[in-house]
Amino acid sequence: MYKILPVLKQIMPFLMTLFLWRLSIYFWNPAGILCLIPVFYYTFVRPVDWFAVFAVIFCFLIDYRCNLPLFWTSIFCLFYAINGFQNYIDLQHTNNNAIYAFMSFIGIGIFLLIVSGFSWTNLVNNLWLFLWMTILYIPITATDNWIKQ
């Protein structure tokens with residue numbers, strides 16, 4: 001059992017991302033978009049080796065399912081570049097597992113989706129998605145902190 005736990009701790013980010021992407025339900029997880037939570041968390045807050053490549057692939061897969069050509073992929077790459085060039089904000093040591101940075105990451109994307117095709121249905125769906133992802137960010141990151149102990 002003690003030999004299996006370190007392996008599970010190493011592959012857990014990859015399995016969580018794959019699980020959330022496959023668990024695609026229209027209202028609760030459209031196009032597997034909830035996998036952006038571990039994509040953001042394991043790339044910026046608690047970096048895992050080789051996870052950035054995995055994250056780009058899953059952002060591309062979300063774009064493919066949503067029929068948004070390179071939308072989330074480009075936003076992720078933009079945030080990755082900004083995070084690489086800045087020296088002022090250390091996301092690994094922020095409060096609440098950098099939930100405000102995650103809200104800005106998701107908020108910019110959802111704001112662009114609302115503005116690009118404005119309708120009341122689009123507005124309500126995207127606001128619901130923003131709230132739902134923000135609420136679920138806390139238990140998913142808390143689960144990771146619990147497993148890492």
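Note that the structure is predicted; figures quoted are calculated from it, not measured.

(A) Focus on the overall build of the chain. Scanning the chain from N- to C-terminus turns up six helices and zero strands. Secondary structure elements of the chain occur, N-terminal to C-terminal, as α-α-α-α-α-α. Taking 15 Å as the expected radius of gyration for a compact globule of 149 residues, we find that the chain reaches 15 Å, a close match to that expectation. Principal-axis analysis of the C-alpha atoms gives the chain an extent of 55 × 35 × 25 Å. Sequence-distant contacts in the chain: of pairs separated by 6 or more residues, those separated by 24 or more amount to 67%. Per element, the accessible surface of the chain, about 9,200 Å² overall, is 72% carbon and sulfur. Each charge class in the chain can be summarised by its mean position, and for the 6 positive and 4 negative side chains these summaries are 13 Å apart.

(B) Quick look at helix H2 (residues 36-45). Of all 10 residues that make up H2, 10 are buried, and the element is covered over most of its length. For H2, the set of buried residues is Leu36, Ile37, Pro38, Val39, Phe40, Tyr41, Tyr42, Thr43, Phe44 and Val45. Residues of H2 that are buried sit in contact with helix H1 (4-22), helix H3 (51-66), helix H4 (71-85), helix H5 (99-116) and helix H6 (120-148).

(C) Local environment of the packing of H1 against H2. Axis separation between H1 and H2 bottoms out at 8 Å; the angle between their running directions is 155°. The angle between the axes of H1 and H2 places the two elements in the roughly antiparallel class. The two elements H1 and H2 meet at a crossing, and its hand is left-handed. Facing H1, whose interface residues are Met12, Pro13, Met16, Thr17 and Leu20, H2 presents Pro38, Val39 and Tyr42. Of the residues contributing to the contact of H1 with H2, the split by class is seven nonpolar, one polar and no charged.

(D) Spatial organisation of the nonpolar core. With 45 residues, the main nonpolar core has Trp72 and Ile106 as its most contacted residues. Elements with a minimum of two residues in this core: H1, H2, H3, H4, H5 and H6. When near neighbours in sequence (up to four residues on either side) are disregarded, Ile106 contacts Leu36, Trp72, Phe130 and Met133.

Basis of the calculations
- Residues numbered from 1 in each chain as written.
- Predicted model: local features only at pLDDT ≥ 70, side-chain atom pairs only at ≥ 80, totals over all residues.
- Heavy atoms only, no water.
- Helix = DSSP H or I, 4+ residues; strand = E, 2+ residues; numbered from the N terminus.
- Rg over C-alpha atoms; globule rule 2.2 N^0.38 Å.
- Contact = heavy atoms within 4.5 Å.
- Areas by Shrake-Rupley, 256 points an atom, 1.4 Å probe, with all protein chains shown as cover.
- Lys, Arg positive; Asp, Glu negative; His and termini not counted.
- Charge placed at Lys NZ, Arg CZ, Asp CG, Glu CD.
- Buried < 20%, exposed > 50% of the residue type's maximum accessible area, 1.4 Å probe, protein only.
- Axes fitted to C-alpha atoms, helices over the stretch in contact; angles between N-to-C directions.
- Parallel < 35°, antiparallel > 145°, perpendicular 65-115°, else oblique.
- Left-handed = near helix turned anticlockwise from the far one by under 90°.
- Nonpolar A, V, L, I, M, F, W, Y, C, P; charged D, E, K, R; others polar.
- Core = buried A, V, L, I, M, F, W, Y, C linked by side-chain atoms within 4.5 Å.

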